[in-house]
Each structure stands twice: as C-alpha cells, then as structure tokens.
Amino acid sequence: MRPIERGPWPLDEDSKKKVFKKYGNARGDLIDRLGEYCSYCERSILASLAVEHMLAKDLHPHLEKEWSNFLLSCANCNSNKSVKDIQLDDYFWPDRDNTFRALAYGPDAQIKVAGGLRPEQQDRARRTLELTGLDKRPPPVNLRGSSDRRWGHRHATWSVAAFWRDWLAEDPGNEKLRQAIIKAARNSKGFWSVWMTVFEKYPEVRADFIEAFPGTSSSCFDKRANPVQRPGGAV
C-alpha cells in the first residue's frame, strides 16, 4: 500500500478553505494530490474512482465533508471496507503510516503481512488486509470474469515490471531505458508497490518511482529509497 501525503485542506481563490457542498466535490483535489489511484489496492482507476471515507460517513456524519477523512477508492476496496464501526488506530493508513513497510508483495500477486514487524504491528497489518479485502486469494479459473479484478491486474503488472527489470539488468547504465521504465510504470495499471518490490535492487529506479507517482510520501524512505519509520506513524 503506497504511503501518501494528502496535504493540507485545499484553498479557494480567496485563500480560504474550500467548502465541499458534497463530499464527492473533493474528488478533483484528491486526484490532483494523489493521482488517479485507489489509495488501498493502488490500481489506476480512470473512471469511477470514489471519494472514500476512512471513518464511514453513515456512522460519523460530522466527518462526511472533512478533508482529513478522505482517501480515494475503487469500487472493490470501498465495498470490502463497507460501513464498519472501526477505530483508526486498529489499522494502518496510507496517509499516516509507512504502509509499504507493513505489507509484502510477491510474484504470486498475493499481499501478506511483512516480515520484521512486532506482534502488535502484525495484527494491525492483518486487520488492514482484511478490512480492504486485499488478502483475498485469486478467484477460481471459472470465476476469473468476476468484478473483483484486483488480483489479476496486480499479477499482470508484476509480469510487466519483471520484464523491464530483466531488461535493465542487461544494460544497467542505460539512462533512456531507465526513463522508459518510469514511463511504463506510470502508464501501467498502477500498483506502485509492485514496481517498488520488483526493482528492490535498483535504488535509483525506486527513487524515480517515489517521485513519479503523485503524492507518494518521500519522508517514508531514506536516500537509498529504503522504507523507514514514518515520522509520527505506527510503522
């Protein structure tokens, strides 16, 4: 899960906080800050990307138009999260934690709890996966046409990223190739964490990914693009 910086409340032309008459009106500002990616599964969603409430608006109506309660979500993550009465501190959140440290991505397209976490952090990461449905196994072959395409898109992106990585391994000093990789990542189905994982041994490329995907929190990484504890975060 990509750690992000939502940034301060957007201002209007008079340098005052924007008034969102409907919470959906914040969608454009969120996309400007974070790109057209689901804040949970990281898919690139060019249509139907929704303003998502971290704390459900039906249970917390006073937060319905609160900027700090907004993320972006695809239909699948939003549906899995649903209207649950949750405590924020029971989960990891991409706007306040280094979620890339908490979850591990593999070539089987599964997302698991990352190694090296303390027991309470492991529990938190596990709850985060369950809340968003990112722990779901791939659908059976006869159900691959189901509406939840997250696993399939993530699997396809891993294959594409691995292709580019293997090409770079043959010519690691090729700057044009490196730029082509960044462009390929930006034009892919998203999944920033997949690209970061596949290119684990290429810190320069990972640094490019951090910069290329809008809203990625640079404070979550050191000079070698290794994930570090997020200032003020739980991981």
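These figures come from a predicted structure and were not determined experimentally.

K.L.:
So what about the packing of helix α5 (residues 150-170) against helix α6 (residues 175-186)? Which residues, and what values?
P.N.:
At a minimum axis separation of 10 Å, α5 and α6 run at an interaxial angle of 175 degrees. Here α5 is positioned roughly antiparallel relative to α6, judged by the angle of their axes. Facing α5, whose interface residues are Trp164, Trp167 and Leu168, α6 presents Leu177, Ala180, Ile181 and Ala184. Looking at side-chain class alone, the contact of α5 with α6 contains seven nonpolar, no polar and no charged residues.

K.L.:
Please provide a residue-by-residue account of the side chain of Thr128, values included.
P.N.:
Here Thr128 lies in helix α4 (residues 119-132). Assessed through its relative accessible area of 3%, Thr128 is described here as buried. From its side chain, Thr128 meets the backbone oxygen of Arg124 in a polar contact 2.8 Å long. If we ignore the near neighbours within four places in the chain, the residues touching Thr128 are Met1, Tyr91 and Phe92.

K.L.:
Pulling in residues and values, what's your account of the layout of surface pockets?
P.N.:
Looking at the largest pocket, its volume works out to about 300 Å³. Taken together, 18 residues line the largest pocket, and the ones lying closest to its centre are Phe100, Arg101, Leu103, Ala114 and Pro227. Of all the secondary-structure elements, those providing two or more residues to the lining of the largest pocket are α3 (99-102) and β3 (103-105). Among the elements that take part in the lining of the largest pocket, β3 stands out by supplying three residues, more than any other. For the lining of the largest pocket, the per-class residue count stands at eight nonpolar, six polar and four charged. What the second largest pocket holds in volume is close to 170 Å³. Residue lining of the second largest pocket: Tyr23, Ala50, Val51, Glu52, His53, Ala56, Lys57, Asp58, Asn78, Lys81, Ser82 and Val83, and that is the complete set. Contributions of two or more residues to the lining of the second largest pocket are made by β1 (50-53) and α2 (75-81). When residues in the lining of the second largest pocket are grouped by element, the largest group, four residues, is from β1.

K.L.:
Give me the lowdown on the pattern of salt bridges, citing residues and values where you can.
P.N.:
Per the stated rule, a full pass over the model turns up 12 salt bridges. As a salt-bridge pair, Glu120 and Arg118 come within 2.8 Å of each other at their nearest N and O atoms. Since its relative accessible area comes to 45%, Arg118 is described here as partly exposed. Asp148 is the salt-bridge partner of Arg150, the closest N and O atoms lying 2.9 Å from each other.

K.L.:
Can you lay out empty space enclosed by the protein for me, pointing to particular residues and giving the numbers?
P.N.:
Counted by the stated rule, this structure contains one cavity of 30 Å³ or more. Each pocket or cavity is described by its volume, and for the largest cavity that value is around 50 Å³. Classifying every residue of the lining of the largest cavity by side-chain character gives six nonpolar, two polar and two charged.

K.L.:
Explain the nonpolar core to me, using residue names and the numbers behind them.
P.N.:
The nonpolar side chains of soluble globular proteins are, as a tendency, buried together. Residues Trp93, Ile181, Trp195, Phe199 and Phe209 are the most contacted members of the largest nonpolar core, which totals 67 residues. Residues contacting Phe199, with those up to four places away along its chain left out, are Ala161, Trp164, Arg165, Leu168, Ile181, Val205, Arg206 and Phe209.

K.L.:
I'd like to hear about the packing of aromatic side chains, residue by residue, with values.
P.N.:
Counted by the stated rule, this structure contains 17 aromatic pairs. Pairing Trp192 with Phe221 gives two aromatic rings, centres 5.8 Å apart and planes at 70 degrees, and the pair type is edge-to-face. Of the two residues, Trp192 is situated in helix α7 (residues 192-198) and Phe221 in the segment after α8 (203-212); the sequence distance between them amounts to 29 residues. Overall, Trp192 belongs to the buried group, its relative accessible area being 1%. The rings of Trp9, Phe20, Trp67 and Phe70 are connected pair by pair, giving a single aromatic cluster.

Quick notes on the rules
Residues numbered from 1 in each chain as written. Predicted model: local features only at pLDDT ≥ 70, side-chain atom pairs only at ≥ 80, totals over all residues. Heavy atoms only, no water. Axes fitted to C-alpha atoms, helices over the stretch in contact; angles between N-to-C directions. Helix = DSSP H or I, 4+ residues; strand = E, 2+ residues; numbered from the N terminus. Parallel < 35°, antiparallel > 145°, perpendicular 65-115°, else oblique. Contact = heavy atoms within 4.5 Å. Nonpolar A, V, L, I, M, F, W, Y, C, P; charged D, E, K, R; others polar. Buried < 20%, exposed > 50% of the residue type's maximum accessible area, 1.4 Å probe, protein only. Polar contact = N/O pair within 3.5 Å; in protein donor to acceptor, adjacent residues only side chain to side chain. 1 Å grid on protein atoms, 1.4 Å probe; cavity = no way out; pocket = protein on both sides within 12 Å on 5 of 7 lines; lining within 4 Å. Points joined across faces, edges and corners; volume = space filled by probe spheres on them. Salt bridge = Lys/Arg side-chain N within 4 Å of Asp/Glu carboxyl O. Core = buried A, V, L, I, M, F, W, Y, C linked by side-chain atoms within 4.5 Å. Phe/Tyr/Trp six-rings, centres within 6.5 Å; stacked < 30°, edge-to-face > 60°.

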